[in-house]
Protein chains: 2
Amino acid sequence: MSKRAAKLAAAPPPKGEAPAVAAYRLEEQVGHLLRRAHQRHAAIFQDGIGDLQLTPMQFAALVKICDLGRVSQNQLGRLTAMDPATTQGVIQRLVARGLIERTADPDDRRMTVLRLTAHGRATVEAAIVRAVEITAATLAPLTDSERPVFLALLRKLI
Amino acid sequence: MSKRAAKLAAAPPPKGEAPAVAAYRLEEQVGHLLRRAHQRHAAIFQDGIGDLQLTPMQFAALVKICDLGRVSQNQLGRLTAMDPATTQGVIQRLVARGLIERTADPDDRRMTVLRLTAHGRATVEAAIVRAVEITAATLAPLTDSERPVFLALLRKLI
DNA sequence: CTAGATTCATATGTATACAAATGATCGGTC
DNA sequence: GACCGATCATTTGTATACATATGAATCTAG
C-alpha cells in the first residue's frame, strides 16, 4: 500500500456526525446485501451459461415461453416480472438471434404471440442443464440444511 | 377473463419435453428470487426516499463519502461494489446536483477526491433516517426472529 | 533510473429496469 | 351499436451494470 493510499484510508472521520449517521452501516442493510447477492449470482450465471451466451432475463424468457408454448409479450412480462419496456428489448434480441418467433394473434390484433424456434428449444434445453448447476453454485456457500431455510425466507420478501 | 386469455392460458404444454425442462421451475430458483426481492426493495426505496429523490446507488455513494470524509472515485466504487464505469455516472449526477464536489488530488494526479457539500451532508442525514425505515419495510414480511437468520444467510452469499 | 506492470479515470457499447406517453385495439355498457 | 375505459405493444428518457479499450500517471523490478 502506498503512502497516499494510507493517508486516504487514515483520513479522520468527519467530526460531529448525527447519531443516526454514525450508527448506519451500509454494508449491513438488506438492500445492499440483496444487491450484492444478486450481483454475485449474475456473475455465476454469465460464467456458467458459457457459450450459450444468454443473459438471466433472456434465459427466463425462453424458459417461460417453453413452459407455456405460446405467450403474449405482456403475459411473458408478468410471468418473469419484467416491465413491458424491458420485455420489448429482451424479446427483440431473442428474435434477432432466431431463438423465438413472433406472430400476430389473429383473434386479438393488439397482441403478438411468442413461440420458440427449433433453435430456441434446443438452446433452452441445454441452458436448463447449466442453470441447475448455476443455482447450485450460487447456493454453494450454504449448507444443505441452510438452503431451504434461506429460500423460504427469501420467498417471503417478494 | 376474456375468451382469448382463457384460450392462451389453456394452451397445451409442448409435448415431449426433456425431463430436465419439465422439472425446472424458474420461480423457485435463487437467482429469480434474489432478483424479485431486490426489485421489491428498490420499489420500497424509491417510495420511502420520497422527495429526496435519490436512487439506492446515489444514496450508497453519499453514505460512504460521508463515512470516510474524502474518497477517491475508485475507492468509492470498491466500497459500494460498483463498476468504475458505473461509479463515473453516479458521481457525475451527484456533482451535477451539488451534493458532492470533486477536487484533483495534488499528490496523485490520477485520482479525484470526492467530498460532500453542505447540501450533500444535510441530504445524507435526512436520507439515513428514511433508509432505516426502508430497511424495516423491506424486512417487514419476516418475524423478529427470522430477520437475523435471513440476514446471516444472505451475507454468506456474497 | 528506466522499462514494464498497475492503477485511475474516462469513453463506448450492450443489456436490464422503470416511468411516462402514445396509438391501436378490445371489452363492457348504456 | 357507439362510447369509454382498459389492455397491448411501442417509444423515449433516465439510471444502473458490466465488458472492453484508452491515455495519463504511478509503482516496482532490475
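Structure's up top.
Caption draft 1: Up close: the overall build of chain A. Assigned secondary structure in chain A consists of eight helices and three strands. In chain A, buried positions account for 35% of the 158 residues. In chain A, the proportion of contacts linking residues at least 24 apart, taken out of those at least 6 apart, comes to 51%.

Caption draft 2: Focus on the packing of helix H4 (residues 56–68) of chain A against helix H6 (residues 84–96) of chain A. Residues and elements named next belong to chain A. Where H4 contacts H6, the two axes come as close as 10 Å, and the packing angle between them is 80 degrees. By the angle class used here, H4 and H6 are roughly perpendicular. Only Val90, Ile91, Arg93 and Leu94 of H6 make contact with H4, whose side of the interface consists of Met57, Gln58, Ala61 and Leu62.

Caption draft 3: Broad picture of the protein's contact with DNA strand C. Taken together, 26 residues sit near DNA strand C, with Thr55, Met57 and Ala85 of chain A together with Asn74 and Ala85 of chain B positioned nearest. If one sorts the elements of the surface near DNA strand C by residue count, H6 of chain A sits on top with five residues. When the residues that make up the surface near DNA strand C are grouped by side-chain class, the tally is seven nonpolar, 11 polar and eight charged.

Caption draft 4: Molecular detail of the packing of helix H4 (residues 56–68) of chain B against helix H5 (residues 73–80) of chain B. Residues and elements named next belong to chain B. Relative orientation of the contacting elements H4 and H5 amounts to 115 degrees, with a least axis distance of 10 Å. With respect to their mutual orientation, H4 and H5 come out roughly perpendicular. For the crossing formed where H4 meets H5, the hand is right-handed. Residues Met57, Ala60, Ala61, Lys64 and Ile65 of H4 touch H5, and the partners they reach there are Leu76, Leu79 and Thr80. For the contact of H4 with H5, the class distribution of residues is six nonpolar, one polar and one charged.

Caption draft 5: The sheet that holds strand E1 (residues 71–72) of chain B, seen in detail. All names here are of chain B. Ordered by their spatial adjacency, three strands build an open sheet running E1-E3-E2, and the pairing between neighbours is antiparallel. The open sheet is flanked by E1 and strand E2 (100–104), the only strands paired with a single partner. Note that E1 and strand E3 (residues 112–116) share two bridges and pair antiparallel. In the strand pairing of E3, Ser72 is matched with Val113. Along the sheet, H4 contacts E1, E2 and E3; its crossing angle with E3, the most-contacted strand, is approximately 95 degrees.

Caption draft 6: Summary view of unusual backbone geometry. Of note, Ala81 of chain A is a non-glycine position whose phi angle comes to about 60 degrees, a positive value. With respect to the helices and strands, the residue Ala81 of chain A is situated in the loop between helix H5 (73–80) and H6.

Caption draft 7: Here's a closer look at the protein's contact with DNA strand D. In the neighbourhood of DNA strand D, 26 residues make up the surrounding shell, with Gln73, Asn74 and Ala85 of chain A together with Thr55 and Ala85 of chain B lying closest. Elements with a minimum of two residues in the surface near DNA strand D: helix H3 (30–49), H5 and H6 of chain A together with H4 and helix H6 (84–96) of chain B. Top contributing element to the surface near DNA strand D by residue count: H6 of chain B, with five residues.

Caption draft 8: Molecular detail of H6 of chain B. All names here are of chain B. For H6, spanning 13 residues, the distance from its first C-alpha to its last is 18 Å, which sits close to the expected 18 Å at 1.5 Å a residue. If you check which residues of H6 are buried, you get Thr87, Val90, Ile91 and Leu94. Taken down its axis, H6 places every buried residue within 100 degrees of arc, on the same side. Turned more than 90 degrees away from the buried face of H6 sit Ala85, Gly89, Gln92 and Ala96, all of them exposed. Buried residues in H6 make contact with H4, H5, E2 and E3. Just beyond H6, the residue with positive phi is Gly98, at close to 75 degrees.

Caption draft 9: Here's a closer look at the pairing of E3 of chain B. Here five bridges tie E2 of chain B to E3 of chain B, and the two strands are oriented antiparallel to one another. Its bridge partner being in E3 of chain B, Arg102 of chain B is matched across the sheet by Leu114 of chain B.

Caption draft 10: How the structure looks around the interface of chain A and chain B. Taken together, the contact pairs 59 residues of chain A with 59 residues of chain B. Elements supplying a minimum of two residues to the side of chain A that touches chain B: helix H1 (3–9), helix H2 (19–23), H3, H4, helix H7 (118–139) and helix H8 (146–156) of chain A. No other element matches H3 of chain A, which puts 13 residues into the side of chain A that touches chain B. For the side of chain A that touches chain B, the per-class residue count stands at 35 nonpolar, 11 polar and 13 charged.

Caption draft 11: Structural detail: the relation of the copies chain A and chain B. With an axial shift of 0.0 Å and an RMSD of 0.0 Å, the rotation relating chain A to chain B amounts to 180 degrees. The superposition of one copy onto the other is thereby described by a two-fold rotation axis. Comparing interface residues between copies, 100% of those in chain A also lie at the interface in chain B; the contact surface is shared.

Reading guide: rules and limits
- Residue positions are given per chain, counted from 1 along the sequence in the order it is written.
- For this description, chains carry letters from A and ligands carry numbers from 1, given in the order in which they are written.
- In keeping with the predicted nature of the model, local features appear solely for residues at pLDDT of at least 70, side-chain atom pairs appear and are counted solely at 80 or more, and the whole-chain, interface and lining totals rest on all residues.
- To qualify as a helix, a DSSP run of H or I must reach at least 4 residues; to qualify as a strand, a run of E must reach at least 2; elements of each kind are numbered from the N terminus.
- Remark: C-beta atoms are placed from the backbone, and a residue is labelled buried if 20 or more other C-beta atoms sit within 10 Å of its own, exposed if 12 or fewer do, or partly exposed between those counts.
- Here, residue contact means that the backbone-derived C-beta atoms of the two residues sit within 7 Å.
- Lines are fitted to the C-alpha atoms to define the axes, a helix being fitted only along its stretch in contact, and any angle between axes, read from their N-to-C directions, falls within 0 to 180 degrees.
- These descriptions rest on fixed angle ranges, namely under 35 degrees for roughly parallel, over 145 for roughly antiparallel, 65 to 115 for roughly perpendicular, and the rest for oblique.
- We call a residue near a molecule or strand when its C-beta atom, built from the backbone, sits within 6 Å of it.
- Note that Gly is not counted as nonpolar here; it falls among the polar residues with everything else outside the nonpolar set of Ala, Val, Leu, Ile, Met, Phe, Trp, Tyr, Cys and Pro and the charged set of Asp, Glu, Lys and Arg.
- Helix crossings fall into two classes, left-handed where the near helix is turned counterclockwise from the far one by less than a right angle and right-handed where it is turned clockwise.
- Any two strands between which DSSP finds at least two bridges are classified as paired.
- Expected span, for any helix, means 1.5 Å times one less than how many residues it has.
- The directions considered for the arc run from the helix axis to the C-beta atoms.
- Here the copies are superposed with least squares, the fitted atoms being C-alpha atoms of residues at a pLDDT of at least 70 in both.

Remember that the coordinates give geometry; whether it matters functionally is a separate question.
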